[in-house]
Amino acid sequence: MGKVAVVRAFEEIRAALAVLQAEVDGEGLEAFSDADSFLDAEPFSVSDPLRGLADGCLDILAGAREVEARVAGVKAKAAVAYAEAAHAVAGPDVPVVAQEMAVAAEIGCVLALGPRAAASFLATSHALTVSLPRTLEALQSGTLSWQHALVMADETASLDVAGAAALEAHFLPPDTPDPDALPPARGCPVGELPAHRFRVKARTWRERHHAESIEKRHARGVAERRVEFRPDRDGMAWLGAYLPADQAMSGWNRLTAAARGLQGPAEDRTMPQLRADSFAAAILGSGDTRGGSTSLSSASASASASATAGALAAARPGAGAGGTDSAASGTGHQSPSVRAEVLVTVPVFALMGLTDEPAMLDGYGPVPASMARRLVADGAASFYRVLVDPRDGAPLEIGRKSYRVPRAMRAWLRMRDGKCPFPGCSNTSLDTEADHLLAWHYGGTTGISNLGQPCPKHHRLRHTTGWRPTPASTNEPPGWTSPTGRHYTSEHQDWEPPKWPPGFLPGERSLLEEALLKHLGV
């Protein structure tokens, strides 16, 4: 044991990596040209070496992901063990802060990390070993990556011990379910989600179950609202605003609607460029909004600026729903009025003001109930209202001004999927397209269980490559099967039963009854 065992273990790891590297280099495929070598090389597939090599490389990638996670678990435990040993060796006379800096500096030098990165790595490792046992176990088993562990540590940092344990149990349920715990996360397992999508789901759970009211936390956030400017390279810069979620989402959707209104055969700008130009037109009021392109004539630039401003005006919340706005585009036609619509899922009792449970803003996540009540009370034209059943969180009603079934189905799809259902895609439901899973001409019906809503990129991927969606249901989006036959489960939304106000459930006293009993001294 000891150093000899460590040296031997790493020698075996290096030897195993050399074998994998040789396989990736395609030695089996090269040997196929020589009969004798072919028998010794044992390629992935004798009948189809190229396809066999492709499948073999995917197997190597999957195995490497698991090994990387296991190595990350070893690194975390080794860092914490070193820190504890170093503290013990240093003795009580060394100041705690100085000793922590010394430990972080040593780990940073060994791992080639800067001081901040080393301190962050050590803090995450300590959180995993001390307060997140399920996460560490999943990391050591290779089912969870280091990036996922970082998300878990970040999202539980401001929770108490019970809250952190509950979040872990929701996404990493134990083998023996706790009957008193909330249902586990639905859909794709956490380890198979990209870390950035796991962060969204973990943040949503945290906002719903945080010990401190979201109303109080939101009030502090509103006080910090601001606009920031950050210079960048190549004569470019960033300009952003920190705003309440409903304002930011409305602004983003309006820019998207304006950009879509400008698209056409004669428009060569991409959606990101059109959004940027619409944003510039909105805050500057006039001028060349094509990113300062010098390839345009002054007349063309003026027309482009006018068209951008016209489309932005047409996309405002108060614009007409059906046709065009009065603002001329400057290009001989009027920009179409494309309204930006957002689903706000409001628990019934929260809408009534009986609870302060967070509502769900489509494309963002949990928002204060007061924000949702204000949006509904103000009759915002760019917002739908979605009521959910207080028993299980299932959708009850989609508020709408039109009785057209396709419009209601579209809204239901947005609520069911929340985003493009392709694995790892974050395009929100505003940027997706309704698509028949089983084509109409093959007997497919226009029903919720036969519809998906991929974004334009993954819609094209489905129809131009071997990627195929799997069947869906009324409450579950479709999964995907790759050209190699591998199946990938889609990400599902974590609906939860709304909280009941006191006195609504059998055997509970209402707030009035509690106050009366307290007054009477009972």
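Here's what I pulled together on the structure shown here. (Residues numbered from 1 in each chain as written. Predicted model: local features only at pLDDT ≥ 70, side-chain atom pairs only at ≥ 80, totals over all residues. Heavy atoms only, no water.)

Quick word on the pairing of strand S2 (residues 237-242)
Thought 1: As defined by bridge partners, strand S1 (residues 226-231) adjoins S2 across six bridges and the pair is classed as antiparallel. Residue pairing across strands places Val-227 opposite Ala-241, the latter belonging to S2.
Thought 2: Two successive antiparallel strands, S1 and S2, enclose a turn made up of five residues, where Asp-234 displays a positive phi of approximately 60 degrees. (Pairing = 2+ DSSP bridges. Helix = DSSP H or I, 4+ residues; strand = E, 2+ residues; numbered from the N terminus.)

Considerations on the pattern of salt bridges
Thought 1: Counting across every chain of the model gives 16 salt bridges.
Thought 2: For Arg-197, the salt bridge is made with Glu-491, and the minimal N-O distance between the two is 3.0 Å. Placement of Arg-197 in helix H10 (residues 195-209) and of Glu-491 in the loop between strand S14 (487-488) and helix H19 (511-520) is noted, with a sequence separation of 294 residues between them.
Thought 3: Among the residues examined, Arg-197 registers a relative accessible area of 10% and is labelled buried. (Salt bridge = Lys/Arg side-chain N within 4 Å of Asp/Glu carboxyl O. Buried < 20%, exposed > 50% of the residue type's maximum accessible area, 1.4 Å probe, protein only.)

Focus on helix H7 (residues 133-141)
Thought 1: Among the residues making up H7, those that are buried are Thr-135, Leu-136, Ala-138 and Leu-139. Looking straight down H7, one finds its buried side chains confined to an arc of 160 degrees; they lie on one side. The outward face of H7, more than 90 degrees from its buried face, is lined by the exposed residues Pro-133 and Glu-137.
Thought 2: For H7, the secondary structure elements touched by its buried residues are helix H4 (49-90), helix H6 (115-130), helix H8 (146-156) and helix H9 (161-171).
Thought 3: Phi turns positive one or two residues past the end of H7, at Gly-142, with a value near 85 degrees. (Arc of directions from axis to C-beta. Contact = heavy atoms within 4.5 Å.)

Some points on unusual backbone geometry
Thought 1: Of note in this structure, Ala-112 is not a glycine but carries a positive phi near 60 degrees.
Thought 2: Residue position: Ala-112 is located in the loop between helix H5 (96-111) and H6.
Thought 3: Here Asp-234, not a glycine, exhibits a phi torsion of approximately 60 degrees, which is positive.
Thought 4: Within the secondary structure, Asp-234 sits in the loop between S1 and S2.
Thought 5: Relative accessible area serves as the criterion here: at 75%, Asp-234 is assigned to the exposed category.

Re the environment of Val-67
Thought 1: Inspection of the secondary structure assignment puts Val-67 in helix H4.
Thought 2: For the pair Val-67 and Ser-145, spaced 78 residues apart in the sequence, the C-alpha separation amounts to 9.5 Å.

Looking at the side chain of Thr-432
Thought 1: Within the element layout of this structure, Thr-432 appears in the loop between helix H17 (405-417) and strand S10 (435-436).
Thought 2: Residue Thr-432 is classed as buried on the basis of its relative accessible area of 6%.
Thought 3: In terms of polar contacts, Thr-432 uses its side chain to reach the side chain of Gln-453, at 3.0 Å.
Thought 4: In this view, Thr-432 contacts Arg-260, Arg-410, Lys-419, Cys-420, Asn-427, Gln-453, Pro-454 and Cys-455; residues no more than four positions away in its chain are not counted. (Polar contact = N/O pair within 3.5 Å; in protein donor to acceptor, adjacent residues only side chain to side chain.)

Things to note about the packing of aromatic side chains
For any pair of aromatic rings, the description rests on two quantities: the centre-to-centre distance and the angle between the ring planes.
Thought 1: Applying the stated criterion across every chain yields a total of five aromatic pairs.
Thought 2: When the centroid spacing of 5.0 Å and the interplanar angle of 65 degrees are considered together, the rings of Phe-422 and Trp-480 count as edge-to-face. Pair noted here: Phe-422 is in the loop between H17 and S10 and Trp-480 is in strand S13 (residues 480-481), with a separation of 58 residues, a long-range link.
Thought 3: Residue class for Phe-422 comes out buried when judged on its relative accessible area of 9%.
Thought 4: Taking relative accessible area as the criterion, Trp-480 reaches 2% and is therefore assigned buried.
Thought 5: One aromatic cluster in this structure is built from Phe-422, Trp-467, Trp-480 and Tyr-488.
Thought 6: Just above the ring of Tyr-242 sits the side chain of Arg-226; from NZ or CZ to the centre is 5.0 Å. (Phe/Tyr/Trp six-rings, centres within 6.5 Å; stacked < 30°, edge-to-face > 60°. Lys NZ or Arg CZ within 6 Å of the ring centre and 35° of its normal.)

Some details on helix H16 (residues 369-377)
Thought 1: When H16 is considered as a whole, its buried residues turn out to be Ala-369, Met-371, Ala-372 and Leu-375. Seen end-on, H16 carries its buried residues on one side only, within an arc spanning 160 degrees.

Re the packing of H6 against H8
The description of two packed helices rests on the angle between their axes and on the distance between the axes.
Thought 1: At a minimum axis separation of 10 Å, H6 and H8 run at an interaxial angle of 80 degrees. Between H6 and H8, the angle is such that the two are roughly perpendicular. Across the interface between the two elements, Phe-121, Thr-124, Ser-125 and Leu-128 from H6 touch Trp-146, Ala-149, Leu-150 and Ala-153 from H8.
Thought 2: Within the contact of H6 with H8, the residues separate by chemical class into six nonpolar, two polar and no charged. (Axes fitted to C-alpha atoms, helices over the stretch in contact; angles between N-to-C directions. Parallel < 35°, antiparallel > 145°, perpendicular 65-115°, else oblique. Nonpolar A, V, L, I, M, F, W, Y, C, P; charged D, E, K, R; others polar.)

Remarks on the nonpolar core
Thought 1: In this structure, Leu-128, Trp-146, Met-152, Phe-171 and Phe-198 are the most contacted members of the largest nonpolar core, which totals 29 residues.
Thought 2: Contributing elements (two or more residues each) for this core: H4, H5, H6, H7, H8, H9 and H10.
Thought 3: Setting aside chain neighbours within four positions, we find Trp-146 in contact with Ala-72, Ala-76, Phe-121, Thr-124, Ser-125, Leu-128 and Leu-139.
Thought 4: Within the second largest apolar cluster, 12 residues are counted, among which are Val-344, Ala-350, Ala-372 and Leu-375. (Core = buried A, V, L, I, M, F, W, Y, C linked by side-chain atoms within 4.5 Å.)

A look at a nonpolar patch on the surface
Thought 1: Side chains of Val-227, Phe-229, Leu-239, Phe-279, Ile-283 and Leu-284 sit close together on the surface and give an oily, nonpolar patch of about 620 Å² of accessible area.
Thought 2: At the level of secondary structure, the elements contributing two or more residues to the nonpolar patch comprise S1 and helix H13 (271-284).
Thought 3: The element contributing the most residues to the nonpolar patch is H13, with three residues.
Thought 4: Accessibility expressed as a relative area gives 58% for Phe-229, which makes it exposed. (Patch = residues over 30% accessible without salt bridge, like charges linked within 9 Å, V, L, I, M, F, W, Y side chains within 5 Å. Areas by Shrake-Rupley, 256 points an atom, 1.4 Å probe, with all protein chains shown as cover.)

Brief notes about the sheet that holds strand S12 (residues 468-469)
Thought 1: Across the sheet, three strands lie side by side as S12-S13-S14; this open sheet has antiparallel pairing. In this open sheet, the two edge strands, each paired with only one partner strand, are S12 and S14.
Thought 2: Pairing of S13 with S14 involves two bridges; the strand directions are antiparallel. Paired with Thr-481 across the strands is His-487, a residue of S14.

Considering the environment of Ser-213
Thought 1: Its place among the elements puts Ser-213 in the loop between H10 and helix H11 (214-223).
Thought 2: Residue classification places Ser-213 among the partly exposed residues on the basis of a relative accessible area of 27%.
Thought 3: Expressed as a C-alpha distance, the spacing of Ser-213 and Pro-368, which sit 155 residues apart in the sequence, is 8.8 Å.

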